[in-house]
Amino acid sequence: MAAVLRLAKLAVFSTACTHLGSALSLDIQDSKDADAKNRPVTKVITLLKDMQKQLQKEADEDEAIYDKMACWCQTNDREKTEAIKTAEVRIDGLTTKIEELTAGSARLNTEIKNLEKEIAENQDSLDKATAIREKQLAEFNAEEKDLLQSISALKAAITVLSKHHGGSTGFLQMPKTHMLGVAAMLQNELSKHASLLQGVLTPNERRAAAAFLQAPGDYFDAAPTFKQSYAPQSGEIFGILRQMLETFESNLSASQKEELANQQAYGELKAAKEDEIKAGQAQIDSKTGELADTDEKNAQAKVDVDDTKASLSADEQFLSMLKEKCSMADKEWEERQKTRQLEMEAVSQALAVLSGDDAHDLFTRTFNPSFLQSSSSSDASKDFRASASQVLAAVAAKYSNPKLGALAYQVKLDAFTRVKKAIDDMVAQLLKEKDDEIKHKDFCTDEFHQNQLQTEKKDREEQDLTATIEDLSMKIEGLAKAIEELKGEIAEMQVQLKRAGEDRELQNKEFQSTVADQRETQKLLTSALQFLKDFYHKKTAFIQKQEPVGPPPPAGFETYKNNAGSGGVIQLIQQIISDAKAMEAEAIRSEEDAQKAYEDFVKDTNASIEAKSKDIVEKSEVKARAEGELVETKEAKEAVILELEQLSNYNAQLHQSCDFVLKNFDLRQTARDEEIEALRQAKAILSGAKFDNFLQRS
């Protein structure tokens, strides 16, 4: 503002200087013409009229400059006030948003932790249920195996006793080895299943069984007669065996039903827990995404509020500067208007005095040549004043300095002491302006240099921050991709784990069916083999009867011989039984191997899931830190950009303030030195120096 006004002032004064300098030069030359008696006063009147025009022109130019300044002040004041109000409202809104997002982030973190805890509890419950189920299955398999063996043994014993209990073979005597085998089996079953048979056998049956076990060979008659029978004793033992068989079969059926119920309950529990885990994991994934979005919005809101605060601070500083500058412009305008008005009034009054008829007659008489010749030597001091006034007026006209013009006028009227003091004051003022301008030039040069250095530094910082932002963005993208891949791998392993569990259940069912078929086959083959052995290995003793007296009987039967193929059949059945047992053992081994492989697979898969979950947590933490660093780097970049804008604005202000000074520094310094030299010459003239020397030097 001051530079603009000073430029306008210099332009106005330069124009006035041209006219005044020309007029004064003509006046100095024409003063030698003694015949022009009225020309000096006429020139003064002409100069005063020119000064009136110049003052009015300056007033018009100042008014135009002030109008532009006032428009600039009003427009920017209104815009910046509105911008500050908008920024304050935005900061309040962003602050509220940050508080809400922070609270939402804390809530989501808490919910995610609770869901993770719930999933861990469900997984623990499922693991415990799986362990219990495996234990139940192992107990059932052992119990089923034991009951099947017991049932098979009881059926074989019942088959043996059924041959000697009634029927057409009742007359045959039971082999002792068979009786001992039945007794050993009965004792083993009573001992092994004592708790199961508790309350099943009556005391009489227990006593009969005990008697049979104590002496199985003597329990029945060793050599019964034709009319005797061991049916009551064998029938009681036969009944005990049947009752034990029914109890074992009933218990086996109940165990199998219980196993099916347990298997179904476990399947339902497993499905429910897996659904709960899946639902919890889905909620965690959803809330994790929501948390990331919330944190991103929160970080962006913080960046926005910082940017808005920085913009608000810059607007407030600019508005403060604007108000101060506009206030100074108003004051300067008022002062210039007041000063110019006074100056115009003084010029008008002087013009009115010099233009009057009385003044014209007076000047005609005063500047008459004869009068001048008679009075030219009366007052030498007036010549000194006139000479000094001419020097000052010439310099004032040359450099458009109104103060020098006023001083030239005062030289004609005032005493030398006051004039010299005024000259000294003006010289001091010019020297001070010169020193201030030199300081201002040095300040401008240094500030331009510092501004350039800081701008280059901030440009490098911006480039470094941009590269860092790109690196962090690529790192975050890679981590996000890796996390998604790990989640996909975990989901795939969970699916494979579920499928392996289902396959294991199907394999176990197939194993149970295979073992049951093999055992049933062995049982049937053993029964058939027992029948064959009972017949072919038994030594039959025919009872010799005393023939009645009479004719001899016809020829009897030939010696009975076993069938020639009986041995091969028995060996084949034994081989088939051995093969069935081998197949059962192979199935058991395969089942054990499959169960172990399944357990190892579950263990390895769970370990892999745990490792990948841990890797996800670690990568998520690294990603969160990288995102935090990215937000901080972006904030730093925004700050650097803001600083670059401020440096650019300051550079523009420096150009506005310094360009004129730097461009015209040498010219202004030379002009000011010449003004000082002229003032010193005028003072020397007033002190008694010869005017002709100065005119020659000029």
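Residues numbered from 1 in each chain as written. Predicted model: local features only at pLDDT ≥ 70, side-chain atom pairs only at ≥ 80, totals over all residues. Heavy atoms only, no water.

Counting its secondary structure elements, the protein chain contains 13 helices and 0 strands. Ordered by position from N to C terminus, the α and β elements of the protein chain give α-α-α-α-α-α-α-α-α-α-α-α-α. Taken across its 698 residues, the protein chain has 30% of its residues classed as buried. For the protein chain, the proportion of contacts with a sequence separation of at least 24, taken over those separated by at least 6, is 88%. (Helix = DSSP H or I, 4+ residues; strand = E, 2+ residues; numbered from the N terminus. Buried < 20%, exposed > 50% of the residue type's maximum accessible area, 1.4 Å probe, protein only. Contact = heavy atoms within 4.5 Å.)

This part is about the environment of Glu63. For Glu63, the location among the structural elements is in helix α2 (residues 39-164). Residue classification places Glu63 among the partly exposed residues on the basis of a relative accessible area of 41%. When the C-alpha atoms of Glu63 and Trp333 are compared, they prove to be 8.4 Å apart, with 270 residues separating the residues in sequence.

Glancing now at the packing of aromatic side chains. Taken as a whole and judged by the stated rule, the model has 2 aromatic pairs. Relative to Phe318, the ring of Trp72 lies with its centre 6.3 Å away and its plane at 75°, an arrangement referred to as edge-to-face. You can see Trp72 sitting in helix α2 and its partner Phe318 sitting in helix α5 (residues 231-355), a full 246 residues away along the chain. Under the relative-accessibility criterion, Trp72 is labelled partly exposed at 31%. For Phe318, a relative accessible area of 25% puts it in the partly exposed group. The ring of Phe318 carries Lys80 above its face, with NZ or CZ at 5.2 Å from the centroid. (Phe/Tyr/Trp six-rings, centres within 6.5 Å; stacked < 30°, edge-to-face > 60°. Lys NZ or Arg CZ within 6 Å of the ring centre and 35° of its normal.)

One pass over the structure, following the stated rule, counts 27 salt bridges. A salt bridge links Lys297 to Asp293; the nearest nitrogen and oxygen atoms lie 3.2 Å apart. One end of the pair, Lys297, and the other, Asp293, are both in helix α5, 4 residues apart, so they sit about a helical turn from each other. Among the charged side chains, a salt-bridge network with shared partners connects Glu433, Glu437, Arg668 and Arg672. (Salt bridge = Lys/Arg side-chain N within 4 Å of Asp/Glu carboxyl O.)

Because the α-helix completes a turn every 3.6 residues, residues three or four places apart line up on one side. When the terminal C-alpha atoms of helix α4 (residues 203-214) are compared, their 16 Å separation across 12 residues agrees well with the 16 Å that a helix rising 1.5 Å per residue should span. Taken together, the buried positions of α4 are occupied by Glu205, Ala208, Ala209 and Phe212. Within α4, the buried residues cover an arc of 100° as seen down the axis, which keeps them to one side. Seen from the buried face of α4, the exposed residues on the opposite side, beyond 90 degrees, are Pro203, Arg207 and Gln214. (Expected span 1.5 Å × (residues − 1). Arc of directions from axis to C-beta.)

Inspection of the entire model under this criterion finds 2 disulfides. The disulfide partner of Cys73 is Cys326, and the S-S distance across this bridge is 1.8 Å. Given an S-S torsion of about -100°, the disulfide between Cys73 and Cys326 has left-handed geometry. Taken as a pair, Cys73 in helix α2 and Cys326 in helix α5 lie far apart in primary sequence, 253 residues in all. (Disulfide = S-S within 2.5 Å.)

Moving on, we come to the side chain of Glu437. Within the secondary structure layout, Glu437 lies in helix α10 (residues 416-536). In this structure the side chain of Glu437 is engaged in a polar contact, spanning 3.0 Å, whose partner is the side chain of Arg672. Non-local contacts of Glu437, meaning those with residues more than four positions away in its chain, are made with Val661, Phe665, Arg668, Gln669 and Arg672. (Polar contact = N/O pair within 3.5 Å; in protein donor to acceptor, adjacent residues only side chain to side chain.)

Time to look at the side chain of Asn76. Assignment of secondary structure puts Asn76 in helix α2. Given the relative accessible area of 15%, Asn76 is considered buried. The residues contacting Asn76, other than those within four sequence positions of it, are Thr81, Phe318 and Leu322.

Within the element layout of this structure, Val353 appears in helix α5. We classify Val353 as exposed; its relative accessible area is 58%. Put simply, Val353 and Ile45 are 308 residues apart on the chain and 9.9 Å apart in space, counted from C-alpha to C-alpha.

Attention now moves to the nonpolar core. Counting residues in hydrophobic clusters, the biggest one holds 23 residues, and the most contacted among them are Leu154, Leu186, Leu190, Ile240, Leu241, Met244 and Phe248. Secondary structure elements with two or more residues in this core: α2, α3 (176-192), α4 and α5. At 8 residues, α5 tops the list of elements feeding residues into this core. In this structure, Leu186 is in contact with Ala209, Phe212, Leu213, Leu241 and Met244, ignoring residues within four places of it in sequence. In terms of nonpolar packing, the next biggest core, distinct from the first, is built from 15 residues, Met69, Leu94, Leu312 and Leu322 among them. (Core = buried A, V, L, I, M, F, W, Y, C linked by side-chain atoms within 4.5 Å.)

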